[in-house]
Amino acid sequence: MSNLERAIAEWRRQMAASGVKTSESLNELEAHLRDDVEHSIRSGRSAEQAFEGAVQRLGSTEAIRKEFSKCERARCRYFVHRGLVIGIGVFLLGEAFCYFAMIPAALAASQAYSQWLGFSAIRWKPDEYISFVWRVMLGMSLGFEVPVVVLTLVKIGVVKYRFLAKARKYVIIINLGLAALLTTPEVITQLVLFLPLQLLYEISALVTWYWECPDKKRETTAESSPG
Amino acid sequence: MYSCDMIEKELVAASTEPLILSLLSKGQSYGYELIQEIRRLSGDNIRWTDGMLYPVLHRMEHKGWIKSRWMEIENGRKRKYYSIKKDGHQALKQKRKQWSALNSVLSGLWKEQYV
């Protein structure tokens, strides 16, 4: 490794230590530094002079870190606000989906199921029915919030795909538990709640994986290219 | 180091976005090139602190005005190129109106005074 490479690596380490955290930003600043150094060397300066000049022109590390973190905070605020707005919309959508599509389907299925077993269909008492509908609607609407919450957390950098993949088995248990708790003690209605809940989680994980994909590719190539 | 023609800090800050949008509307570019281009076009009177450009670019990207992608250049190095998006053109149009309005007011006033 040449002196210049060592100096750049050390500079990068300092930038990271001072709080410029994302490797995306570090890669970009490093690319800039290399552009500047190359330009100076071409116009006749020594590598050392070129490096020092480039670092100086880049400005104080503290100021850069501050600007980046301001930027990051604004980004977080934006995604949290957007998450809230979408979350409210999705909650209402979940209620509607549940009331108009899922509950009729679940009731029909459970009726067919008991008939198939040879029982007469369950007769609902009004208060039981209302409580059932209310619970499934609440469960489903909260389930619909899962992608909104998960994807917002991913966007603001709290959660990564690896975490979602690891958490899968716990999520399955939680969803099964919720489904058992919120529906009638009968397999069909439980599945009708569990499957969409799990599907929503899987969709969130898939979207996260897709988002991270190009990032990973970028990082590995940028890291393995000392230029 | 600072010549008296150097444009003031506040004005430089206010003009950063329209300058970037205008440059990118001519074609894609990267941070270092944008800085050099502005320095050249302004006769060295606009000097951005190099490192401060990138948070601005990120903010503009986040607003959906510009987009970026890493491209490989010679000897395997990578550079992040920015290009303008449709919303960026729209924003530029707005900014252009505002700066032109300001410019025409000042020009009008100064003409009255000096001619």
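Residues numbered from 1 in each chain as written. Chains lettered and ligands numbered in written order. Predicted model: local features only at pLDDT ≥ 70, side-chain atom pairs only at ≥ 80, totals over all residues.

A. Geometry of the pairing of strand β2 (residues 66-72) of chain B. Residue and element names in this part refer to chain B. Across 7 bridges, the pairing between β2 and strand β3 (residues 78-84) is antiparallel. Within the sheet, the bridge partner assigned to R69 lies in β3 and is Y81. Taken together, β2 and the strand that follows it, β3, pair antiparallel across an intervening segment of 5 residues, in which N75 is found at a positive phi of about 45°. (Pairing = 2+ DSSP bridges. Helix = DSSP H or I, 4+ residues; strand = E, 2+ residues; numbered from the N terminus.)

B. Broad picture of the interface of chain B and chain A. In this complex, chain B contributes 18 residues to the contact, which on the side of chain A involves 23 residues. Of all the elements in the fold, those that place two or more residues in the side of chain B that touches chain A are α2 (31-41), α3 (50-62) and β3 of chain B. With 8 residues, the single largest contributor to the side of chain B that touches chain A is α3(B). The residue inventory of the side of chain B that touches chain A, partitioned by class, reads 5 nonpolar, 7 polar and 6 charged. (Contact = placed C-beta atoms within 7 Å. Nonpolar A, V, L, I, M, F, W, Y, C, P; charged D, E, K, R; others polar.)

C. Highlighting the sheet that holds β2(B). Residues and elements named next belong to chain B. The 3 strands lie next to each other as β1-β3-β2, forming an open sheet whose pairing is antiparallel. Two strands bound the open sheet, and with one partner strand each, they are β1 (29-30) and β2. By the bridge criterion, 2 bridges tie β1 to β3 in an arrangement that is antiparallel. Paired with S29 across the strands is Y82, a residue of β3. Sheet strands touched by helix α1 (residues 9-24): β1, β2 and β3. Its angle to β3, the strand with the most contacts, is close to 95°. (Axes fitted to C-alpha atoms, helices over the stretch in contact; angles between N-to-C directions.)

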